[in-house]
Amino acid sequence: MTKSVQPMLEPFTLPNGIELKNRIVMAPMTHSASLADGSVSDVEIKYYARRASGVGMLITAAAGVTADGSFPGTALADRDELIPGLSRLASAIKSEGAKAILQIVHGGRKCFPGGDLVSASAIPEEKEGAAVPRELTDSEITGIIRAFGEATRRAIEAGFDGVELHGANGFLIHQFFSPHSNRRTDRWGGTLEKRMTFPLELIDEVQRVVREHAKEPFIVGYRLSPEEPETPGITMADTLAFVEVLAGRGLDYLHISLNDFRSVPRRGADDSRTRLELIQELVGTRVPVIGVGAIRTAQDAVQALESGIPLIAIGRALIIEPDWVAKVAQGRERELRMTLSKNDQESLAIPDSLWKMILTVPGWFPVEAEA
């Protein structure tokens, strides 16, 4: 192990007192390997267990808080009969030494058409053929907030160490904060401050449930995407105002969703600094920041930590190299796997659904050509 990688392997204590064994987090990634009824499958448990031994914290793929706000192949946390399966997943992760975080989500207008497609407003995504969602009523919004609370209770009862509210990547929480998808003029929208109402009330409800049901410290994190390409859309200025508020809400971390941790603002802030640097400088002393995006090598991870953030999330590199942390810790960085062969699926415990994405989605990950 080289001296430069030592900081990422040091323990880190979250605001609620929970200690992570190192600064490396497995990022939440879609695998579509849950069963049709939303229960956890054996193959996804094996997939996570294979990757949990090295990281300090593992965040699962998003689990839906309602059946109609979820996606085929994803887990659900919408009813108590699913708790035993969720408990098996939490136990598998924790038995390998990582803190287990259940990411919870409502897809909103990103859910597949055919059901009751809903959003903050009746505005479709900016893509060809996008369906127009139905605007949620006030009572439906409060019902979804309660559903996030109930999903949190189930995560507590299943033995998870925490939950992450998925407020990024265009899902429903993001849709309420976005001026593109939220054109409301009631208490849920109309100004920047009112567009914060839904996520802030979600946080309040989740924290209330934690106080009521958790018998020991329980992690509550929030994931966000700092900008949108659409006009109108979320700008870096919007996000800096938002994280200023979030930093005062007693969260255990903010998880910044980026394609590349080196990316700079497109509008609304100084573009000579990275988005992560701006967020860390503004709120990093009040809430831990997790950075993610194109971290594949040990040097990438070192560079990300040098931006000032205390925690780094690694995604696709852990799919292709489950032993990433161990190899880096042992000074074997040159042995990190950088490509996949078509014979690697079984040894890497990659579910069929995820393997299909790897093979068919352009640019998902390098796959060695057949000889």
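Reading the values: rules and limits
Residues numbered from 1 in each chain as written. Predicted model: local features only at pLDDT ≥ 70, side-chain atom pairs only at ≥ 80, totals over all residues. Heavy atoms only, no water. Helix = DSSP H or I, 4+ residues; strand = E, 2+ residues; numbered from the N terminus. Rg over C-alpha atoms; globule rule 2.2 N^0.38 Å. Buried < 20%, exposed > 50% of the residue type's maximum accessible area, 1.4 Å probe, protein only. Contact = heavy atoms within 4.5 Å. Core = buried A, V, L, I, M, F, W, Y, C linked by side-chain atoms within 4.5 Å. 1 Å grid on protein atoms, 1.4 Å probe; cavity = no way out; pocket = protein on both sides within 12 Å on 5 of 7 lines; lining within 4 Å. Points joined across faces, edges and corners; volume = space filled by probe spheres on them. Nonpolar A, V, L, I, M, F, W, Y, C, P; charged D, E, K, R; others polar. Salt bridge = Lys/Arg side-chain N within 4 Å of Asp/Glu carboxyl O. UniProt positions renumbered as here; feature names shortened; annotations may be inferred. Axes fitted to C-alpha atoms, helices over the stretch in contact; angles between N-to-C directions. Parallel < 35°, antiparallel > 145°, perpendicular 65-115°, else oblique. Left-handed = near helix turned anticlockwise from the far one by under 90°. Expected span 1.5 Å × (residues − 1).

Per an unreviewed UniProt entry, the protein chain carries the name NADH-dependent flavin oxidoreductase and comes from Paenibacillus tyrfis.

Participant: An account of the overall build of the protein chain is requested, with residue identities and associated values reported.
Facilitator: From N to C terminus, the protein chain includes 12 helices and 13 strands. Computed over C-alpha atoms, the radius of gyration of the protein chain comes to 20 Å, within 12% of the 21 Å expected from 2.2 N^0.38 for 371 residues, which places it in the range of a compact globule. In terms of principal-axis extent, the alpha carbons of the protein chain reach across some 55 × 50 × 45 Å. Counting the 371 residues in the protein chain, one finds 59% classified as buried. Of the contacts made within the protein chain by residues no fewer than 6 positions apart, 69% connect residues no fewer than 24 positions apart.

Participant: Describe the nonpolar core, and please don't skip the residues or the numbers.
Facilitator: Residues Met8, Phe198, Tyr222 and Trp324 are the most contacted members of the largest nonpolar core, which totals 105 residues. No other element matches helix α3 (residues 138–158), which puts nine residues into this core. With residues up to four places along the chain from it excluded, the contact list for Trp324 reads Met8, Ile24, Arg296, Thr297, Ala298, Ala301, Ile314, Ala317, Leu318 and Leu336. Ile18, Leu20, Ile101 and Tyr253 belong to the second largest nonpolar core, which has 15 residues in total.

Participant: Can you tell me about empty space enclosed by the protein, naming the residues and giving the values?
Facilitator: Any empty space left between the atoms is revealed when a probe the size of a water molecule rolls over them. Going through the model one piece at a time under the given rule, you end up with two cavities of 30 Å³ or more. Here the largest cavity defines a volume of roughly 50 Å³. Around the largest cavity sit Gly167, His174, Phe177, Tyr222, Leu224, Ser225, Ile234, Thr239 and Phe242, which together line it. Elements that contribute at least two residues to the lining of the largest cavity include exactly α4 (172–177), β10 (219–224) and α7 (236–246). By residue class, the composition of the lining of the largest cavity is five nonpolar, four polar and no charged. As for the second largest cavity, its lining consists of Arg296, Ala317, Ile320, Glu321, Trp324, Arg337, Met338 and Phe365. A class-by-class count of the residues in the lining of the second largest cavity yields five nonpolar, no polar and three charged.

Participant: With reference to specific residues and values, describe the pattern of salt bridges.
Facilitator: In total, this model carries 30 salt bridges according to the counting rule given. Here the salt bridges do not stand alone but share partners, grouping Asp80, Glu150, Arg153, Arg154 and Glu157 into one network.

Participant: Lay out the UniProt feature "domain: NADH:flavin oxidoreductase/NADH oxidase N-terminal" (unreviewed entry) in the protein chain in plain terms, naming residues and giving numbers.
Facilitator: Look at the UniProt record and you will see "domain: NADH:flavin oxidoreductase/NADH oxidase N-terminal" (unreviewed entry) annotated at residues 9–334. Along residues 9–334 the backbone is 34% helical and 14% strand, and the end-to-end C-alpha distance reaches 18 Å.

Participant: Please give an account of the packing of helix α6 (residues 197–213) against α7 that cites residues and values.
Facilitator: Helix-helix packing is characterised by the crossing angle of the two axes and by the distance between the axes. Contact geometry for α6 and α7: axes closest at 12 Å, N-to-C directions at 20 degrees. Between α6 and α7, the angle falls in the class roughly parallel. At the point where α6 passes α7, the crossing takes the right-handed sense. The segment α6 lies against α7, with Pro199, Leu200 and Ile203 engaging Phe242, Val245 and Leu246.

Participant: Residues and numbers for α3, please.
Facilitator: Since one α-helical turn is 3.6 residues long, residues separated by three or four positions face the same way. Counted at 1.5 Å a residue, the expected span for α3 with its 21 residues is 30 Å, and the 31 Å between its end C-alpha atoms agrees. Among the residues trailing α3, Gly159 stands out with phi positive, at a value near 95 degrees.

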